[in-house]
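Chain and residue survey
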Amino acid sequence: QVQLVESGGGLVQAGGSLRLSCAASGSIFRINAVGWYRQAPGKERELVARIISGSTTNYADSVKGRFTISRDNVKNTVYLQMNSLKPEDTAVYYCNVIAGLPLRIYWGQGTQVTVSS
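Treat the numbers as computed from the prediction; the structure is a model and nothing was measured.

**Some points on the pairing of strand E8 (residues 77-82)**
- Most of E8 is tucked away: 5 of the 6 residues are buried.
- Where strand E3 (residues 18-24) lies against E8, 6 bridges are found, and the strand directions are antiparallel. Residue pairing in the sheet places Cys 22 in a bridge with Val 78 of E8.
- Where strand E7 (residues 67-72) and E8 come together, 6 bridges link them in antiparallel fashion. Its bridge partner being in E8, Arg 71 is matched across the sheet by Val 78.

Okay, here's the thing in structure tokens:
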């Protein structure tokens, strides 16, 4: 099975930046969407950003203008550049890929992002 491994999380001060990476263990075919979700303590997992059909991007209103999602097909890696971080961004961030025929959903193990005041 496909394995997704996230990295790049950590502790930063408000206003700082981080770049998250999500690397796939092998080739993923027929990719429908790639994205990042996050889950804060006591809250439901929510969409942060995603790329649909390789071109269309969607962002949560709370991160528009601050976060950027991108994909490197050669490296089988999805990135999330996070700038101007706020304490409200503190959460575990999960990589997500929807791909295959029929479609399958893949999740990474999560990486912790903590933003201090």
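Let us keep going from here.
**Let's talk about the sheet that holds strand E1 (residues 4-7)**
- The sheet built from 4 strands is open, its strands ordered E1-E3-E8-E7 with antiparallel pairing. Because the sheet does not close on itself, it has two edges, and the strands there are E1 and E7. Taken over all neighbouring pairs, the strand axes of this sheet differ in orientation by 15° on average, direction set aside.
- Pairing analysis gives 4 bridges linking E1 to E3, with the strands arranged antiparallel. Looking at the pairing, Leu 4 lines up with Ala 24 of E3.

**Observations concerning the pattern of salt bridges**
- A full pass over the atoms with the stated rule returns 4 salt bridges.
- Here Asp 61 makes a salt bridge to Lys 64, at a shortest N to O gap of 3.1 Å. Of the two residues, Asp 61 and Lys 64, both sit in the exposed class.
- Two residues, Arg 66 and Asp 89, come together in a salt bridge whose shortest N-O distance is 2.8 Å. Within this pair, whereas Arg 66 is found in the loop between strand E6 (56-59) and E7, its partner Asp 89 is found in the loop between E8 and strand E9 (91-99), the two being separated by 23 residues in sequence. Each of the two residues, Arg 66 as well as Asp 89, counts as buried.
- Put simply, Arg 38, Glu 46, Arg 66 and Asp 89 are held in one network by salt bridges that share partners.

**So, the packing of aromatic side chains**
- In the structure shown here, the tally under the stated rule is 1 aromatic pair.
- On the basis of an interplanar angle of 70° and a centroid distance of 5.2 Å, the ring pair of Tyr 37 and Trp 107 is categorised as edge-to-face. Highlighted residues: Tyr 37 in strand E4 (residues 31-39) and Trp 107 in strand E10 (residues 104-107), separated in sequence by 70 residues.
- On the basis of relative accessibility, which here comes to 37%, the residue Trp 107 falls in the partly exposed class.
- Here Arg 45 stacks its cationic end above the ring of Tyr 94, 3.8 Å away from the centre of that ring.
- The ring of Trp 107 is capped by Arg 45, whose NZ or CZ atom sits 4.7 Å from the centre of that ring.

Analysis parameters
Residues numbered from 1 in each chain as written. Predicted model: local features only at pLDDT ≥ 70, side-chain atom pairs only at ≥ 80, totals over all residues. Heavy atoms only, no water. Buried < 20%, exposed > 50% of the residue type's maximum accessible area, 1.4 Å probe, protein only. Helix = DSSP H or I, 4+ residues; strand = E, 2+ residues; numbered from the N terminus. Pairing = 2+ DSSP bridges. Axes fitted to C-alpha atoms, helices over the stretch in contact; angles between N-to-C directions. Salt bridge = Lys/Arg side-chain N within 4 Å of Asp/Glu carboxyl O. Phe/Tyr/Trp six-rings, centres within 6.5 Å; stacked < 30°, edge-to-face > 60°. Lys NZ or Arg CZ within 6 Å of the ring centre and 35° of its normal.

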